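Here's the letter readout for the chains.
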Amino acid sequence: MSEMRPPLPPFTRETAIQKVRAAENGWNGCNPEAVALAYTLDSRWRNRAEFFSGRPAIVAFLQRKWAREHEYRLIKEIWAFGDDRIAVRFAYEFHDATGQWFRANGNENWAFDANGLMRERHASINDLAIDDAERKFHWDRAAPRPADHPGLSELGL
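Reading guide: rules and limits
- Residues numbered from 1 in each chain as written.
- Predicted model: local features only at pLDDT ≥ 70, side-chain atom pairs only at ≥ 80, totals over all residues.
- Heavy atoms only, no water.
- Phe/Tyr/Trp six-rings, centres within 6.5 Å; stacked < 30°, edge-to-face > 60°.
- Buried < 20%, exposed > 50% of the residue type's maximum accessible area, 1.4 Å probe, protein only.
- Pairing = 2+ DSSP bridges.
- Helix = DSSP H or I, 4+ residues; strand = E, 2+ residues; numbered from the N terminus.
- Axes fitted to C-alpha atoms, helices over the stretch in contact; angles between N-to-C directions.
- Contact = heavy atoms within 4.5 Å.

Novice: Could you give an account of the packing of aromatic side chains, naming the residues involved and the relevant values?
Specialist: All told, the structure shown has 14 aromatic pairs when counted by the stated rule. Between Trp45 and Phe52, the aromatic rings sit 5.4 Å apart at their centres with planes inclined by 40 degrees, giving tilted as the arrangement. Taken as a pair, Trp45 and Phe52 share a single burial class, namely buried. Centre to centre, the rings of Phe90 and Tyr92 are 6.1 Å apart; their planes meet at 10 degrees, and the pair counts as stacked. A single burial state applies to Phe90 and to Tyr92, both of which are buried. One aromatic cluster is present, built from ring pairs that chain together Trp27, Tyr39, Trp45, Phe52, Phe61, Trp66, Tyr72, Phe90, Tyr92, Phe94 and Phe102.

Listed below in structure tokens is the structure:
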């Protein structure tokens, strides 16, 4: 039986927004094995200067990422969409092992297969060191971002 990850392409604005929020919620869970299930077995990624493919590589990448990015909180916002593609902009906050906070800002381009699994992910990301007082993402890490928490546009990001 084929894996399915609704909503499925072709996307409408509403279903593309649902897909973006589902991705945000998944990544905020910081569970590499669970996140990897949203991607095809041979999904191709570019993340910053890293290029890799396949779920095992995705899991390994996410394990490394979240081992060094503590108190990770992410917000994604739709930028554009097409039949089987979605572009998002995002920001996430984290601190490193020394306690230095960062805000990472970026853009992602996604392509999906017919079952709604992501077959390509291209991410461009820039990090900015911030003070604790500059943080904007404060929800409880044990749950997804609350529905009433502002998005990127509302936060001026």
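Here the narrative resumes.
Novice: Could you give an account of the sheet that holds strand β4 (residues 85-95), naming the residues involved and the relevant values?
Specialist: Within the open sheet, the six strands sit side by side as β2-β1-β6-β5-β4-β3. Their pairing is mixed. Single-partner strands in this sheet number two, and they are β2 (50-53) and β3 (70-81). Within this sheet the neighbouring strands show an average axis-to-axis angle of 20 degrees, counted without direction. Relative to strand β6 (residues 118-130), strand β5 (residues 101-112) runs antiparallel, the two sharing twelve bridges. Along β6, the bridge assignment pairs Ala104 with Asp127. Along the sheet face, helix α1 (residues 13-28) touches β1 (39-47), β3, β4, β5 and β6 and points at about 165 degrees away from the line of β3. Relative to β1, helix α3 (residues 55-68) is tilted by about 50 degrees, and along the sheet it contacts β1, β2, β3 and β4.

Function cannot be inferred from these measures alone, as they are strictly geometric.
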